[in-house]
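Now for the letters of each chain:
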Amino acid sequence: MTEVGDVVLECRNVCKRYGSAPVLEGVTTEVRAGEVHAFVGLNGAGKTTLMRLFLGMIEPDDGIVRVRGLAPSTMPARHWTGVGHLVETPLAYPELTVAQNLRIAGRLAGLSAAGATAAADRWIEELVLSRWARTSARKLSLGNRQRLGLAAALIADPDVLILDEPTNALDPAGIMLLRTLLQRSRERGAATLVSSHHLDEVARVADRITAVNEGRVVGSLDPDGIDLERQFFDLVYRDSEARR
Ligand SMILES: Nc1ncnc2c1ncn2[C@@H]1O[C@H](COP(=O)(O)OP(=O)(O)OP(=O)(O)O)[C@@H](O)[C@H]1O
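Residues numbered from 1 in each chain as written. Predicted model: local features only at pLDDT ≥ 70, side-chain atom pairs only at ≥ 80, totals over all residues. Heavy atoms only, no water.

**Some points on the nonpolar core**
Core analysis: the largest hydrophobic core is formed by 44 residues, its most contacted members being Val 40, Leu 102, Trp 123, Leu 163 and Leu 221. Per element, the largest residue contribution to this core is five residues, and it comes from helix 5 (residues 142-154). Residue assignment places this core across two domains, with domain 1 (1-82 + 161-244) and domain 2 (90-157) each supplying three or more. Apart from the residues within four sequence positions on either side, Leu 102 is in contact with Ala 120, Ile 124, Leu 148, Ala 151, Ala 152 and Ile 155. (Core = buried A, V, L, I, M, F, W, Y, C linked by side-chain atoms within 4.5 Å. Buried < 20%, exposed > 50% of the residue type's maximum accessible area, 1.4 Å probe, protein only. Helix = DSSP H or I, 4+ residues; strand = E, 2+ residues; numbered from the N terminus. Domains from an automatic or database assignment. Contact = heavy atoms within 4.5 Å.)

**Side note on the sheet that holds strand 1 (residues 7-18)**
In a beta sheet, neighbouring strands are held together by backbone hydrogen bonds and run either parallel or antiparallel to one another. Pairing in this open sheet of three strands is antiparallel, and the strands run 2-1-4 from one edge to the other. With partners counted over all chains shown, the strands left at the sheet margins are strand 2 (21-32) and strand 4 (62-67), one partner each. With direction set aside, neighbouring strand axes in the sheet form an average angle of 15 degrees. Pairing analysis gives eight bridges linking strand 1 to strand 2, with the strands arranged antiparallel. Across the sheet, Val 7 pairs through a bridge with Arg 32, a residue of strand 2. On the sheet, helix 1 (residues 47-54) packs against strand 1, strand 2 and strand 4 and is oriented at approximately 120 degrees with respect to strand 1. (Pairing = 2+ DSSP bridges. Axes fitted to C-alpha atoms, helices over the stretch in contact; angles between N-to-C directions.)

**Digging into the pattern of salt bridges**
Taken as a whole and assessed by the stated rule, the structure comprises 19 salt bridges. Glu 95 serves as the salt-bridge partner of Arg 138, at 3.2 Å between the closest nitrogen and oxygen. Linking Arg 138 in the loop between helix 4 (113-126) and helix 5 with Glu 95 in the loop between strand 5 (83-86) and helix 3 (98-108), this pair joins segments that are 43 residues apart in sequence. Between Arg 230 and Asp 227 there is a salt bridge, with its nearest N and O atoms 3.4 Å apart. Assessed through its relative accessible area of 47%, Arg 230 is described here as partly exposed. What emerges from the salt-bridge pattern is a single network uniting Glu 10, Arg 12, Glu 30, Arg 32, Glu 35 and Arg 208. (Salt bridge = Lys/Arg side-chain N within 4 Å of Asp/Glu carboxyl O.)

**Some details on the site of the ligand**
Near the ligand the following residues occur: Tyr 18, Val 23, Leu 42, Asn 43, Gly 44, Ala 45, Gly 46, Lys 47, Thr 48, Thr 49, Glu 165 and His 197. Gly 44 has a polar backbone atom sitting 2.8 Å from an oxygen atom of the ligand. At 2.8 Å from an oxygen atom of the ligand is found a side-chain nitrogen or oxygen belonging to His 197. It is helix 1 that contributes the most residues to the shell around the ligand, three residues altogether. (Near = heavy atom within 4 Å. Polar contact = N/O pair within 3.5 Å; in protein donor to acceptor, adjacent residues only side chain to side chain.)

**Let's talk about the domain arrangement of the chain**
Domain boundaries assigned for the chain yield domain 1 (1-82 + 161-244) and domain 2 (90-157). Each of domain 1 and domain 2 has a C-alpha centre, and these two points are 25 Å apart. Facing 18 residues of domain 1, the contacting portion of domain 2 comprises 16 residues. Regarding the contact of domain 1 and domain 2, the summed buried area is about 1200 Å², with carbon and sulfur atoms giving 64% of it. Contact with domain 2 buries area across many residues of domain 1, yet Thr 81, Leu 177 and Leu 181 alone supply 35% of it, more than any other trio. The tally of links between domain 1 and domain 2 comes to two salt bridges. (Buried area = accessible area lost by both parts, 1.4 Å probe.)

See below:
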């Protein structure tokens, strides 16, 4: 396994509320270079919210969030070029083809025009999208739209990768492909944060698994451990009981 390096993503005592409803309560965590850190939790646990904070899409009410030591809201544009992400629905211009979308993603990630064209061709092959390269994004199946989103996130080999439920809508071949891509990103030294509901899949790809429940970190799971589902529900039930 690759050696794990410096802290790249970090949050300390982060709280986020929507109105009076707490969504994250005192979350502290980190992701280091060369590791895949997975967040698992039930629907509404706060996983997407944490990712949106790291991407500067929202601000914490309390606590600190850092990406390579900088607050996302103050990060210069050039730092974002090394951050690949797929959060919620894959972002694609519906009227543009797969190839055109990937060229734009490459340009936004700081590649030259020629570099973006080459990267688009490469990632179309990697994600097995060749048949749809000239198809407009709006005509893609859900799974192929997800593949396009993953290709866009990875287009410039980012050293920070934030993927929310990346297996969404993928077929078994797509899931295996994603596994390989995450492994390669880890070997390049990328810091990867993923969220998932699929404990078996997460156990295959993650170096670290953190369980969240109702906005709080409630423990960690050993990816090599047995019966992860039972361990996960034990943590969740214990936390839910303690809150009563
Ligand atoms: N913009 C918003 N306004 C109000 N509430 C919100 C908003 N965004 C998220 N929430 C609430 O925050 C909580 C956490 O949502 P979040 O999407 O982070 O959970 P999640 O763990 O990603 O869930 P899922 O597994 O279902 O995707 C939920 O109760 C959700 O309804």
